[in-house]
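Chain by chain, the residues run as shown.
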Amino acid sequence: MKIDPVFFEVFAAWFNVDVIDLDQTKQLQQHADGCASALSQRIDDLDALIRDLTQFLHEWDATVVLTFIAVTHADWLLDEETEDSLRYIITEIIEGLKFYRRSRSHVASQHP
């Protein structure tokens with residue numbers, strides 16, 4: 001599985017262990033929303049990113065989780081609760097990306 005490297009750059013900015021408290025669900029949601037917004041501005045093919053992130057959630061590839069650990073300096077494999085936090089974050093980012101994808105489609109249909 002190959003997730004766009006830009007995703008990890010943006011994710012690291014929003015979810016570095018120094019800027020996020022994994023115990024604060026509201027903060028996780030706010031950062032997921034901000035991350036999705038930033039991704040929508042930096043990645044052209046949102047469909048591919050949504051597909052790849054969804055596939056990651058279904059397969060839960062440990063090598064991809066290690067990439068998350070490397071870029072955020074957070075041990076996402078620490079315990080089940082921490083893994084669930086990463087799953088929640090990725091799910092929220094996917095939902096945000098779907099919103100921005102719909103917004104792009106709407107704007108494109110308004111400006112042929």
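Remember, predicted model here, so these are calculated numbers, not experimental data. (Residues numbered from 1 in each chain as written. Predicted model: local features only at pLDDT ≥ 70, side-chain atom pairs only at ≥ 80, totals over all residues. Heavy atoms only, no water.)

## Focus on the overall build of the chain
Part 1 of the argument: When helices and strands are counted, the chain shows 5 helices and 0 strands.
Part 2 of the argument: In sequence order, the chain lays out its α and β elements as α-α-α-α-α.
Part 3 of the argument: Relative to the globule expectation of 13 Å for 112 residues, the C-alpha radius of gyration of the chain, 14 Å, shows essentially globular dimensions.
Part 4 of the argument: For the chain, the proportion of its 112 residues judged to be buried stands at 40%.
Part 5 of the argument: If you take every contact in the chain between residues at least 6 apart in sequence, the share linking residues at least 24 apart comes to 71%.
Part 6 of the argument: Across the chain, the 9 positively charged side chains and the 20 negatively charged ones have centroids separated by 10 Å. (Helix = DSSP H or I, 4+ residues; strand = E, 2+ residues; numbered from the N terminus. Rg over C-alpha atoms; globule rule 2.2 N^0.38 Å. Buried < 20%, exposed > 50% of the residue type's maximum accessible area, 1.4 Å probe, protein only. Contact = heavy atoms within 4.5 Å. Lys, Arg positive; Asp, Glu negative; His and termini not counted. Charge placed at Lys NZ, Arg CZ, Asp CG, Glu CD.)

## Describing the packing of helix α1 (residues 5–15) against helix α4 (residues 62–72)
Part 1 of the argument: Two elements in contact, α1 and α4, have axes separated by 9 Å at closest approach and are oriented at 50°. By the angle between their directions, the pair α1 and α4 is classed as oblique. Note that α1 runs across α4; the crossing there is right-handed. Contacts between α1 and α4 involve Phe7, Phe8, Phe11, Ala12 and Phe15 from the former and Val64, Thr67, Phe68, Val71 and Thr72 from the latter.
Part 2 of the argument: When its residues are assigned to classes, the contact of α1 with α4 shows 8 nonpolar, 2 polar and no charged. (Axes fitted to C-alpha atoms, helices over the stretch in contact; angles between N-to-C directions. Parallel < 35°, antiparallel > 145°, perpendicular 65-115°, else oblique. Left-handed = near helix turned anticlockwise from the far one by under 90°. Nonpolar A, V, L, I, M, F, W, Y, C, P; charged D, E, K, R; others polar.)

## Quick word on helix α3 (residues 46–59)
Because an α-helix packs 3.6 residues into every turn, residues spaced three or four apart end up facing the same way.
Part 1 of the argument: For α3, which comprises 14 residues, the first-to-last C-alpha distance of 20 Å matches the rise-based estimate of 20 Å (1.5 Å per residue) to within 8%.
Part 2 of the argument: Of all the positions in α3, only Leu46, Ala48, Leu49, Ile50, Asp52, Leu53 and Phe56 are classed as buried.
Part 3 of the argument: Trp60 occupies a position one or two residues after α3 and carries a positive phi of about 45°. (Expected span 1.5 Å × (residues − 1).)

## Points about the packing of aromatic side chains
Part 1 of the argument: Inspection of every chain in the model, using the stated rule, returns 10 aromatic pairs.
Part 2 of the argument: Seen in terms of ring centroids, Phe11 and Phe68 are 4.9 Å apart; in terms of plane orientation they differ by 80°. Their pairing is edge-to-face. Of this pair, Phe11 sits in helix α1 while Phe68 is found in helix α4, placing the two residues 57 residues apart along the sequence.
Part 3 of the argument: When its relative accessible area of 0% is taken as the criterion, Phe11 is described as buried.
Part 4 of the argument: Summarising the aromatic geometry, the rings of Phe99 and Tyr100 are spaced 5.1 Å apart at their centres and angled 80° between planes, so their arrangement reads as edge-to-face.
Part 5 of the argument: When its relative accessible area of 45% is taken as the criterion, Phe99 is described as partly exposed. (Phe/Tyr/Trp six-rings, centres within 6.5 Å; stacked < 30°, edge-to-face > 60°.)

## Considering the pattern of salt bridges
Part 1 of the argument: Under the definition given, this model contains 6 salt bridges.
Part 2 of the argument: The salt bridge partner of Arg87 is Glu83, with a shortest N-O separation of 3.8 Å. Pair noted here: Arg87 and Glu83 are both in helix α5 (residues 80–110), with a separation of 4 residues, about one helical turn.
Part 3 of the argument: Its relative accessible area of 17% is what places Glu83 among the buried residues. (Salt bridge = Lys/Arg side-chain N within 4 Å of Asp/Glu carboxyl O.)

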